[in-house]
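Analysis of the macromolecular model
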Amino acid sequence: MTPFANLLDRLIYTPARNTKLALIVDYFRHAPDPDRGWALAALTGGLSFPGVKAGAIRDLAMRRVDPVLFQWSYDYVGDLAETTALIWPERRTNRAWPTLGEVVHGLQTTARADAPDVIEEWLDPLDATGRWALLKLITGGLRVGVSARLAKVALAEYGKVDATEIEEVWHGLTPPYGELFAWLDGAAPRPDLEDKPVFRPPMLAHPLEDAEVAGLDFDAFLAEWKWDGIRVQVVSRAGQKRLYSRTGDDIGAGFPDVLDAVSFEGVLDGELLVGIDGDVRPFNELQQRLNRKSVTAAMLRKHPAFVRLYDILFDGREDLRALPTMQRRARLEAFVERHAPQRMDLSEVVDFSSSDELERMRAGARGTSTEGLMLKRRDAPYVAGRPKGLWYKWKRGPLTVDAVLMYAQRGHGKRSSFYSDYTFGAWRENPETGAAELVPVGKAYFGFTDDELKLLDKWVRDHTVNRFGPVREVEHALVFEVAFDSVNRSPRHKSGVAMRFPRIARIRWDKPAAEADRLETLEKLIE
Amino acid sequence: MASPHPETWVEVRPQGLYVVPGDFYVDPLRAVDRAVITHGHSDHARAGHRSVMATVETLAIMAHRLGAQPEQDKRALAYGEVMRVGETEVSLHPAGHVLGSAQVLVEYQGSRIAVSGDYKRRADPTCAAFVPVKCDVFVTEATFGLPVFRHPDDRAEIAKLLDSVRLFPERCHVVGVYSLGKAQRVIGLLREAGWHRPIFVHGALQPMCALYEAHGVPLGDLRPATAGAKGSPKDEFKGAIVLAPPSAIIDRWARRLPDPVVCMASGWMRVRQRARQGGVELPLIISDHADWDELLQTFDDVGAPEIWITHGREEALMHAASARGYRARALALVGYEDEGGS
Ligand SMILES: [Zn+2]
Ligand SMILES: [Zn+2]
């Protein structure tokens, strides 16, 4: 725990990316296995212990501490895990600090009811920083400003390999990443993914800003509709089939209809939609099928899913990603022709003769199941991440932003047992420190179904980091697509903006919080 | 005849804590005729008293900070030396807070009160260690009077700093320290940890360091940190440790330093939210005050059945002291502003 605790303690105060990198690389150099692998998992969000709730931490503190003193301390410190870590009365013990590996193993193998006893035993030998790191790790509130991407760059720097190589192997590996470190240390060959159905980091688009439209050479681009579903990757290799979200989450369990129909080997990129015979149903029908571990036959009948194919990454085992868009498109068409995959169809190419015509089509697409248009450079290879100038998404119309849930408050009346009022924020740079931070931009309490409310309420309870009376502060990890009529300047709000009639257009379970919109996006919409 | 309880002969007045049979104040908050001063921090040692009794070091610190005050009657008292003042006997005992800091023990008709000023219990290479003195009433501060304040080992904090210097050899580490006490202690701890390279010191800290050295506290090779011209970072600061007042570390002054890692040495750094305010990148939890455990331990050590609390977070400390069977009372003295940065 010592090196890990010290790392977290440094990271939390460090705004500069390069300094963070140096700290993480130094940690990888000095921490033993498997601890550094577990630390990597913790930093990249790959570790969670849903069995331990914030309430259990408070109960634990109450075993040792005068409740009056605890309350005063909590009022002063303002964070439950930190208060507990600091106030924990130190007892002499012969036990050594638990290693990170022991903690992870312990939590994974301990029954929920016994977890507090186990945690109590770990707290005694630790110092305040160690206890803080342990409690933050357990309750999932690390928030040290390290993205998965940054951790991967650190791995690349540590192992002196290219970051794309890390991305490539990443999704075939699992914590504590023994193979990965062995490879980076030069002690083993690169992990072999030949027969694994691994996720390939997808290519993402930049939004096309209005100001850029005039300067864009439309002739160099191919246009497609941007369908309003969920971007997915269908992977089939060595008889193993997977359906991944664009962040690499395996969502196949909820979509057996799609996976069962896969009868080829390859990797395809597309949009997961609900509909029959190519007739796309509204997004909220797809939403009914998300976040489910299993799916009923009735559900499959009522909301059949399919994938509209955008691109091909592998045909069989042949890697096509280096080919230009037009050649990949031809390969994709041939692939569909050859395999005639069920539950899949081709995303059609939108023909246009001028940018004006395309603009009209985009504007006319209101009320369909598209969000606008995709523009892909005809000569672009398939590049992981969000390369500049190759792919654009040209969204149409209504005002929406993707915002991150920050606080949830209990509702009123029959909703009073639910956390149903949501305050969400957009990213900005802290004017003093330059660090990325969320600033609240609005509040909404409708736009979701009762079933979704139940899911949201549960999510809030499971991700609470602080409580203030009826309000819970939650981890910055859930994105809402917020629709609103207009946005105005408002000096009364910290963000300086106020939305008119904000509502939750949809819950973006799939979207990483770091990719939610920035405050500037809202500011540009001020009329 | 039973000894009179100190509450019958020590009063809280607007000027501060007043010892009636001795006709003097301890650490008065405004100018008085007769003052006994615990230590040189400006909230305890104020200007304008007609006569002052303190350790020779505290008198030197006051002369440096407040000017010579030639009309003032100054009386230096060594630790343990007893002086008759009015009907009382006054002696000074090490408080372990800063150079020259003392607890004031006043005895009257067999009844004893110890006014500790500010104190700490940790070893400090730059001042004499706290000595518990038996008394009937112990007057304590409560700067860190919440159980979340438990200072870590200061050597581990210094190790954190040196580890960072190793990790970022191209950068300079600038440490915010208050001029009296913290600066010299951090230097002393660095020397103990084997850091014998020059330490660069902001101009505002130099006179107090010189005063410490003149009183027999060696601080090693200190160099002025003001040598570099504005806007042209000096290479000699790369990999160096620079000490500066807290107001300077994130100010224009620090721009002359090469890519500084901003550090701050204070007990307040214990709480992350507090440490994160003000752009500190490496908080060092080094305090010149007793932490929570040490406050309570000290009550046991001095054996006083009654505790009076002068300043700080008295609420929680009263609660805990009462729970341990002490009579506890908050004096609610307003004006001790923690100049020492704690
Ligand atoms: Zn002081
Ligand atoms: Zn003080």
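The rules behind these values
- Residues numbered from 1 in each chain as written.
- Chains lettered and ligands numbered in written order.
- Predicted model: local features only at pLDDT ≥ 70, side-chain atom pairs only at ≥ 80, totals over all residues.
- Heavy atoms only, no water.
- Pairing = 2+ DSSP bridges.
- Helix = DSSP H or I, 4+ residues; strand = E, 2+ residues; numbered from the N terminus.
- Axes fitted to C-alpha atoms, helices over the stretch in contact; angles between N-to-C directions.
- Domains from an automatic or database assignment.
- Contact = heavy atoms within 4.5 Å.
- Buried area = accessible area lost by both parts, 1.4 Å probe.
- Salt bridge = Lys/Arg side-chain N within 4 Å of Asp/Glu carboxyl O.
- Polar contact = N/O pair within 3.5 Å; in protein donor to acceptor, adjacent residues only side chain to side chain.
- Nonpolar A, V, L, I, M, F, W, Y, C, P; charged D, E, K, R; others polar.
- Donors = N, O, S within 2.8 Å, 3.2 Å for Na, K, Ca; no water.
- Buried < 20%, exposed > 50% of the residue type's maximum accessible area, 1.4 Å probe, protein only.
- Parallel < 35°, antiparallel > 145°, perpendicular 65-115°, else oblique.
- Tetrahedral: all angles 85-135°; square planar, octahedral: opposite > 155°, others 65-115°.
- 1 Å grid on protein atoms, 1.4 Å probe; cavity = no way out; pocket = protein on both sides within 12 Å on 5 of 7 lines; lining within 4 Å.
- Points joined across faces, edges and corners; volume = space filled by probe spheres on them.

**Side note on the sheet that holds strand S14 (residues 222-224) of chain B**
Residues and elements named next belong to chain B. Overall, parallel pairing links the 6 strands, which are arranged S14-S13-S15-S12-S16-S17 in an open sheet. Strands with a single pairing partner mark the edges of an open sheet, and in this sheet they are S14 and strand S17 (282-284). Each neighbouring strand pair of the sheet contributes to a mean axis angle of 30 degrees, computed without reference to strand direction. Examined bridge by bridge, strand S12 (residues 173-176) and strand S16 (residues 261-265) share 4 bridges and lie parallel to one another.

**Details of the domain arrangement of chain B**
Residue and element names in this part refer to chain B. Splitting chain B by domain gives domain 1 (6-148 + 289-330) and domain 2 (154-284). Each of domain 1 and domain 2 has a C-alpha centre, and the two are 30 Å apart. Contacts between the two partners involve 19 residues from domain 1 and, on the opposite side, 19 residues from domain 2. Taking both partners together, domain 1 and domain 2 bury about 1500 Å²; carbon and sulfur atoms supply 73% of that area. For domain 1, the biggest contributors to the area lost against domain 2 are Leu-99, Pro-125 and Thr-126; these three give 31% of the whole. In this structure, the connection of domain 1 to domain 2 is made through 1 salt bridge. With a closest N to O distance of 3.9 Å, Arg-185 and Asp-124 form a salt bridge. At the boundary of domain 1 and domain 2, one finds 3 residue pairs in polar contact (both at pLDDT 80 or more). Of the residues in the side of domain 1 that touches domain 2, the class split is 9 nonpolar, 5 polar and 5 charged.

**Considerations on the interface of chain A and chain B**
Taken together, the contacts link 29 residues of chain A with 30 residues of chain B. Taken together, both faces of the contact between chain A and chain B bury some 2600 Å²; the carbon and sulfur share is 58%. The three residues of chain A that bury the most area against chain B are Arg-10, Tyr-13 and Tyr-76 of chain A, which together make up 31% of that side's buried surface. The interface formed by chain A and chain B holds 5 salt bridges in total. Of the charged contacts in the structure, one is a salt bridge between Asp-9 of chain A and Arg-272 of chain B, with a shortest N-O distance of 3.1 Å. When contributions to the side of chain A that touches chain B are tallied by element, the ones reaching two or more residues are helix H1 (2-11), helix H2 (17-30), helix H5 (67-77), helix H6 (80-87) and helix H9 (128-139) of chain A. A total of 6 residues in the side of chain A that touches chain B trace back to one element, the largest contributor, which is H5 of chain A.

**As for the domain arrangement of chain A**
Residues and elements named next belong to chain A. Entries for chain A in the domain assignment read domain 1 (2-139), domain 2 (206-395) and domain 3 (399-523). The straight-line distance from the C-alpha centre of domain 1 to that of domain 3 is 28 Å. Carbon and sulfur atoms make up 37% of the area that domain 1 and domain 3 hide from each other, which totals about 480 Å². The tally of links from domain 1 across to domain 3 stands at 1 salt bridge. The partner of Asp-462 in a salt bridge is Lys-53, with the nearest N and O atoms 3.9 Å apart. Counting across the interface, domain 1 meets domain 3 through 2 residue pairs in polar contact (both at pLDDT 80 or more). Looking at the side of domain 1 that touches domain 3, its residues break down into 4 nonpolar, 2 polar and 2 charged.

**Structural notes on the coordination of the zinc ion (ligand 2)**
Residue and element names in this part refer to chain B. For the zinc ion (ligand 2), the full set of protein donor atoms is His-44 (NE2), Asp-118 (OD) and Asp-118 (OD), and the range of their distances to it is 2.2 to 2.8 Å. Assessed through its relative accessible area of 1%, His-44 is described here as buried. Overall, the relative accessible area of 3% leaves Asp-118 in the buried class.

**Concerning the packing of H1 of chain A against H9 of chain A**
Residue and element names in this part refer to chain A. The contact between H1 and H9 brings their axes to 9 Å, and the two run at 85 degrees. The orientation of H1 relative to H9 falls into the category roughly perpendicular. On the side of H1, the interface is formed by Phe-4, Ala-5, Asn-6, Leu-8 and Asp-9, while H9 contributes Thr-129, Gly-130, Trp-132, Ala-133 and Leu-137. Tallied by class, the residues present in the contact of H1 with H9 amount to 6 nonpolar, 3 polar and 1 charged.

**Side note on helix H3 (residues 35-43) of chain A**
Residue and element names in this part refer to chain A. Most of H3 sits inside the fold, with 9 of its 9 residues counted as buried. Of the positions making up H3, those classed as buried are Asp-35, Arg-36, Gly-37, Trp-38, Ala-39, Leu-40, Ala-41, Ala-42 and Leu-43. At the exit of H3 stands Gly-45, carrying a positive phi of roughly 75 degrees.

**Focus: the coordination of the zinc ion (ligand 1)**
Residue and element names in this part refer to chain B. Note on the zinc ion (ligand 1): its protein donors are His-39 (NE2), His-41 (ND1), His-97 (NE2) and Asp-118 (OD). The metal-donor distances range over 2.2 Å. Coordination at the zinc ion (ligand 1) is irregular, judged from the 4 donor atoms that bind it and the angles of 88 to 167 degrees they form at the metal. Binding-site remark: the zinc ion (ligand 1) is held by donors from one chain whose sequence spacing is H-x1-H-x55-H-x20-D. The zinc ion (ligand 2) is placed at 3.8 Å from the zinc ion (ligand 1), the two being bridged by Asp-118. A residue pair is termed long-range when its members are at least 10 positions apart, and His-41 in the loop between strand S4 (34-36) and strand S5 (51-54) and Asp-118 in the loop between strand S10 (111-115) and strand S11 (137-142) qualify at 77 residues. Considered together, His-41 and Asp-118 belong to a single accessibility category, that of buried residues.

**Observations concerning the pattern of salt bridges**
The final tally for this structure, using the stated rule, is 72 salt bridges over all chains. The shortest N-O distance in the salt bridge between Glu-120 of chain A and Arg-64 of chain A comes to 3.3 Å. You can see Glu-120 of chain A sitting in helix H8 (residues 115-123) and its partner Arg-64 of chain A sitting in helix H4 (residues 54-64), a full 56 residues away along the chain. The class for Arg-64 of chain A is buried, based on a relative accessible area of 17%. Among the ionic contacts, a cluster of salt bridges with common partners joins Asp-9 and Glu-82 of chain A together with Glu-157, Lys-160 and Arg-272 of chain B.

**Notes on empty space enclosed by the protein**
All names here are of chain B. Enumeration over the complete set of coordinates arrives at 6 cavities of 30 Å³ or more. Considering only enclosed or pocket space, the largest cavity measures out at about 60 Å³ in volume. In terms of lining, the largest cavity is formed by Leu-17, Val-26, Asp-27, His-44, Val-115, Gly-117, Thr-310, His-311, Leu-333 and Tyr-336. In terms of residue class, the lining of the largest cavity is made up of 5 nonpolar, 4 polar and 1 charged.

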